[in-house]
Amino acid sequence: MTGSGASGGLPADPAAGPPGAPVTLLIADDDEVTRSGLRTLLSAQPGITVVGEAADGVEAVERARLLRPDVVLMDVRMPRRNGIEATRLLLAGPGEPPKVVVITTFENDGYVTAALGAGAGGFVLKRLPVRQIAQAVRVVAAGEAILFPAALRRMVAARPLGSAQALPRAALTGREEEVLRLMATGLSNPEIAESLMVSLETVKTHVGNVLTKLGAQNRTHAVVIAYESGLVVPGFPA
């Protein structure tokens, strides 16, 4: 995860056109106008090639397995199969699964945290400028995660905390808990290293240990677990 809550959860634009092959993208949204608009706008962005569309969650899984895009831009509220189940099926499928970026209208959409828990690499809001949505697609394709810490805090604020088993605190060292809390603010590894005055390699080791111990699929999933277990509370400063 890179960037901070203050900057909307998005890192500096890698530019508007990373070198090498373009990121291939599948757009899944049940609204035809939205889907068509996203395709037109994102196809015009540097470094992105839209290879297909899907009108519901069933089609999203089928088309993703056929077209093998790098990233699926996944709406969460779709007929037949919602984006949560579609994400879970895609990431559990054979071969190298695509990355998933959830796209939603509402910051307080409870479906988003479930989709992040299913393994999505992050989420973006439909109202964002297309340049920022494209940026998020590129960043997630590169193996990072996109998270809006302030928005996530609002999403989980009204949700009941999970059981104590959701976060085996005894398994995390004090420093690992500290790193997890900083991850929840949207800090990147270099920013965490600077904050804790340790080396970047040390932070990478702590992050890897956190993901393994929590059984998290990625950094974003780990942060969701931290919020829902109560280790990080909705009022935690970004």
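Quick note: structure is the one above.
Bear in mind that the values here come from a model prediction, so they are computed numbers and not experimental data.

A tally of regular secondary structure across the protein chain gives 10 helices and 5 strands. In the protein chain, which comprises 238 residues, the proportion classed as buried is 50%. Considering only intrachain contacts with a sequence separation of at least 6, the fraction spanning at least 24 residues in the protein chain is 70%.

On to the sheet that holds strand S5 (residues 122-125), then. In space, the 5 strands of this open sheet follow the order S2-S1-S3-S4-S5, with parallel pairing throughout. Here the strands that pair on one side only, and so sit at the sheet edges, are strand S2 (48-54) and S5. On average, adjacent strands in this sheet sit at an angle of 25° to one another, irrespective of strand direction. Both strand S1 (residues 23-28) and S2 contribute to a ladder of 6 bridges, which runs parallel. Pairing of Ile-27 across the sheet is with Glu-53, part of S2. Sitting on the sheet, helix H2 (residues 57-67) touches S1, S2 and strand S3 (71-75), and the angle it makes with S2 is about 135°. Contacting S3 and strand S4 (99-104), helix H3 (residues 83-92) runs over the sheet at an angle of about 160° to S3.

What follows covers the pairing of S3. Residues in a regular strand project their side chains so that they alternate between the two faces of the sheet. Across the 5 residues that make up S3, a large majority, 5, are buried. Side chains Val-71, Leu-73 and Asp-75 of S3 all project onto a buried face; the interleaved residues Val-72 and Met-74 project onto the opposite face, where all are buried too. As paired elements, S1 and S3 share 4 bridges and run parallel to each other. By the bridge assignment for S3, Ile-27 is matched with Leu-73. Across 5 bridges, the pairing between S3 and S4 is parallel. Within S4, the position partnered with Leu-73 by the bridge is Val-101. This β-α-β element, S3 to H3 to S4, shows right-handed connectivity.

Non-glycine residue Arg-68 carries a positive phi angle of around 50°. Relative to the helices and strands, Arg-68 is located in the loop between H2 and S3. Look at Met-197: it is not a glycine, yet its phi comes out positive at around 60°. In this structure, Met-197 sits in the loop between helix H8 (189-196) and helix H9 (200-214).

This part takes up the side chain of Asp-29. Examined against the element boundaries, Asp-29 turns out to sit in the loop between S1 and helix H1 (32-43). Side-chain polar atoms of Asp-29 contact the backbone nitrogen of Asp-31, separated by 2.9 Å. Contact partners of Asp-29, with chain neighbours within four places excluded, come to Thr-34, Arg-35, Ala-54, Ala-55, Asp-75, Met-78 and Lys-126.

Taken N-terminus to C-terminus, the directions of helix H7 (residues 174-184) and helix H10 (residues 219-229) make an angle of 105°; their axes are 9 Å apart at the nearest point. One way to sum up the angle between H7 and H10 is to call them roughly perpendicular. In this structure, H7 contributes Leu-180, Met-183 and Ala-184 to the contact, and H10 contributes Arg-219, Ala-222, Val-223, Ala-226 and Tyr-227. Residues of the contact of H7 with H10, tallied by class, amount to 7 nonpolar, no polar and 1 charged.

So, on to H9. The first and last C-alpha atoms of H9 sit 21 Å apart over 15 residues, in line with the 21 Å expected at 1.5 Å per residue. Those residues of H9 lying buried are Val-203, His-206, Val-207, Val-210, Leu-211 and Leu-214. Taken around the axis of H9, the buried residues stretch over an arc of 135°, which confines them to a single face. Turned more than 90 degrees from where H9 packs its buried face, Glu-201 and Thr-212 sit exposed. Those residues of H9 that are buried are in contact with H7, H8 and H10.

Looking now at the pattern of salt bridges. One pass over the full model with this rule turns up 10 salt bridges. The partner of Glu-176 in a salt bridge is Lys-213, and the shortest N-O contact between them spans 2.8 Å. Residue Glu-176 is located in helix H7, and its partner Lys-213 is located in helix H9; the two are separated by 37 residues in the primary sequence. Judged by relative accessible area, which is 3%, Glu-176 ranks as buried. Lys-213 sits in the partly exposed class, given a relative accessible area of 32%. For Arg-181, the salt bridge is made with Glu-177, and the minimal N-O distance between the two is 3.7 Å. With Arg-181 and Glu-177 both in helix H7, this residue pair falls 4 residues apart, about one helical turn. Owing to a relative accessible area of 14%, Glu-177 belongs among the buried residues under this scheme. One salt-bridge network, held together by shared partners, links Asp-29, Asp-75 and Lys-126.

The rules behind the values
- Residues numbered from 1 in each chain as written.
- Predicted model: local features only at pLDDT ≥ 70, side-chain atom pairs only at ≥ 80, totals over all residues.
- Heavy atoms only, no water.
- Helix = DSSP H or I, 4+ residues; strand = E, 2+ residues; numbered from the N terminus.
- Buried < 20%, exposed > 50% of the residue type's maximum accessible area, 1.4 Å probe, protein only.
- Contact = heavy atoms within 4.5 Å.
- Pairing = 2+ DSSP bridges.
- Axes fitted to C-alpha atoms, helices over the stretch in contact; angles between N-to-C directions.
- Right-handed = clockwise from strand over helix to strand, strands pointing away.
- Polar contact = N/O pair within 3.5 Å; in protein donor to acceptor, adjacent residues only side chain to side chain.
- Parallel < 35°, antiparallel > 145°, perpendicular 65-115°, else oblique.
- Nonpolar A, V, L, I, M, F, W, Y, C, P; charged D, E, K, R; others polar.
- Expected span 1.5 Å × (residues − 1).
- Arc of directions from axis to C-beta.
- Salt bridge = Lys/Arg side-chain N within 4 Å of Asp/Glu carboxyl O.

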